[in-house]
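# Summary of the model geometry
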Amino acid sequence: MRIGMISIALAASMSTAIAAETVEIYSSIPVSGTGGQIGLGITQILNTVQDKREYKFVNAPGAQGDTSVLRAMQNSKLGQNVVIFNGVSTYTFNRLANPSPGFDRDKDLIYSVGIGKNALGIMINPDSPIKNLDELVSSLKKKEKSYFATTLTAPASIMLNEIFVKKYGLTGVQQINYKTPQEIILALQNKEADYTLFTVPDMTNLKAVLVSSDKRLVSFPDAPTAKEAGFDEFNLSSILVYAVPTDRKDFVKTFEEDMALACKNPKFEMVSKIRAPYLSYCLTPQESKSVIENELTLLNKYK
């Protein structure tokens, strides 16, 4: 009788384990980067706040984020609940970098919870005598060739630089693509490049001449905001956005309920400090969509 009861208990335990649904979260962001570490940390929290689903963080780089979307959609069509986790520019500025990704960014995705917000900055060598945006523009105009450092995984950086170049009439600016933000920092410190336009928390030990935040940053008190400098197009925020394929629309509510629990979990504060001062608080789906719409407005103005 005792053996029978144990067998029943084991069977129930195995049944519970088998019943846990696997939900893969596809992301183009490497786990070595800020966004990847945050995404992985949140995934771990998702698995502690509920036991009906096992979330798995799957790295799928390529095509500035579009490869991860395609991978997710392929499995979605097979009947699997999946989630996508990428920087907002995958859904906005990447429309120019990859206009035919194999899916419709407006119709095939439901944008959900966001993580952020973080300021962008125009950054230069920390020892440069350049003090502000006007001096940077003047310096670049004096050079026959100047170099902008970025990564192909940051389409927002590339798009905003194109706007910057056009707005200030710069010629001779050449783009150098590095693999990681760390390589960009070294390039600027070693004077291989003249400037970058990137997420501020990723660009440590550099000087900012402009930031995209509404207010000046404590870390760069002398750097004016885009509004102060008259560069209104630069008044953007960098966020990370979760999305769910439209054909998994019935899963959206479940995922957002899980995320609500994760965002309230005490461990979430630890995740938000993974790469401080990177801001990692949760945004509602409505707030995420507002950021996306803001970027699309700018994109439609300059494309």
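Residues numbered from 1 in each chain as written. Predicted model: local features only at pLDDT ≥ 70, side-chain atom pairs only at ≥ 80, totals over all residues. Heavy atoms only, no water.

### Considering the nonpolar core
- Core analysis: the largest hydrophobic core is formed by 48 residues, its most contacted members being Ile122, Leu136, Leu160, Phe164, Tyr195, Phe231 and Phe234.
- When residues in this core are grouped by element, the largest group, six residues, is from helix H6 (residues 155-167).
- Sequence-distant contacts of Phe234, that is, excluding residues within four places in its chain, are made with Leu120, Gly121, Ile122, Leu160, Leu197, Leu210, Val211, Ser212 and Ala226.
- Counting 23 residues, the second largest nonpolar core, distinct from the first, contains Ile45, Val83, Ile115 and Leu240. (Core = buried A, V, L, I, M, F, W, Y, C linked by side-chain atoms within 4.5 Å. Buried < 20%, exposed > 50% of the residue type's maximum accessible area, 1.4 Å probe, protein only. Helix = DSSP H or I, 4+ residues; strand = E, 2+ residues; numbered from the N terminus. Contact = heavy atoms within 4.5 Å.)

### Quick notes on the state of the cysteines
- Evaluation of the coordinates by the stated rule reveals one disulfide.
- A sulfur-sulfur distance of 1.9 Å marks the disulfide that ties Cys263 to Cys282. With the S-S dihedral at roughly -85 degrees, the linkage between Cys263 and Cys282 falls on the left-handed side. Note that Cys263 is positioned in helix H9 (residues 249-264) and Cys282 in strand E10 (residues 281-283), a separation of 19 residues in sequence. (Disulfide = S-S within 2.5 Å.)

### Considerations on the packing of aromatic side chains
- Considering all chains together, one arrives at twelve aromatic pairs under this definition.
- Look at Phe164 and Tyr195: their rings are 5.6 Å apart centre to centre, the planes differ by 70 degrees, and that puts the pair in the edge-to-face class. In this pair, Phe164 sits in helix H6 while Tyr195 sits in strand E7 (residues 195-199), placing the two residues 31 residues apart along the sequence.
- Taken together, the ring pairs in this structure connect Tyr55, Phe57, Phe85, Tyr242, Phe251 and Phe255 into an aromatic cluster. (Phe/Tyr/Trp six-rings, centres within 6.5 Å; stacked < 30°, edge-to-face > 60°.)

### Observations concerning helix H3 (residues 66-77)
- Under the 1.5 Å per step criterion, the end-to-end length of H3 is 17 Å for twelve residues, consistent within 8% with the ideal 16 Å.
- Every buried residue of H3 is accounted for by Asp66, Ser68, Val69, Ala72, Met73, Asn75 and Ser76.
- Elements in contact with the buried residues of H3: strand E1 (21-27), strand E3 (82-87), helix H4 (94-97), strand E4 (109-124) and strand E9 (237-245).
- In the stretch just after H3, Gly79 is the one whose phi turns positive, near 100 degrees. (Expected span 1.5 Å × (residues − 1).)

### Quick word on the side chain of Glu233
- Along the polypeptide, Glu233 turns up in the loop between helix H8 (226-229) and E9.
- For Glu233, a relative accessible area of 12% puts it in the buried group.
- In this structure, Glu233 is in contact with Leu160, Ile163, Lys167, Leu298, Lys301 and Tyr302, ignoring residues within four places of it in sequence.

### Observations regarding unusual backbone geometry
- Of note in the backbone geometry, Lys191 takes a positive phi value of approximately 60 degrees without being a glycine.
- Using a relative accessible area of 68% as the deciding quantity, one classes Lys191 as exposed.
- A positive phi angle, near 60 degrees, is found at Asn205, a position not held by glycine.
- Residue position: Asn205 is located in the loop between E7 and strand E8 (207-211).

### Focus on the environment of Ile158
- Its location among the elements puts Ile158 in helix H6.
- When its relative accessible area of 16% is taken as the criterion, Ile158 is described as buried.
- Excluding residues within four positions of it along the chain, Ile158 makes contact with Phe148, Thr150, Thr151, Leu152 and Gln175.

### Structural notes on the packing of helix H2 (residues 34-49) against H9
- Running from N to C, H2 and H9 cross one another at 100 degrees; their axes reach a closest spacing of 9 Å. The angle between the axes of H2 and H9 places the two elements in the roughly perpendicular class. Facing Ile42, Ile45, Leu46 and Val49 of H2, the residues of H9 in contact are Phe255, Asp258, Met259, Leu261 and Ala262.
- Looking at the contact of H2 with H9, its residues break down into eight nonpolar, no polar and one charged. (Axes fitted to C-alpha atoms, helices over the stretch in contact; angles between N-to-C directions. Parallel < 35°, antiparallel > 145°, perpendicular 65-115°, else oblique. Nonpolar A, V, L, I, M, F, W, Y, C, P; charged D, E, K, R; others polar.)

### Details of the pairing of E3
- Of all six residues in E3, six are buried, a share of seventy percent or more.
- In this sheet, E3 lies alongside E1 in parallel orientation, the contact comprising three bridges. Residue pairing for E3: Tyr26 is matched across the bridge by Ile84. (Pairing = 2+ DSSP bridges.)

### What about H6?
- Between its first and last C-alpha atoms H6 spans 18 Å; for 13 residues at 1.5 Å apiece the expected length is 18 Å, and the two agree.
- Where burial is concerned, most of H6 is hidden: ten out of the 13 residues are buried.
- Within H6, the full set of buried residues consists of Pro155, Ala156, Ser157, Ile158, Met159, Leu160, Asn161, Ile163, Phe164 and Val165.
- Following H6 by one or two positions, Gly169 has its phi on the positive side, about 60 degrees.

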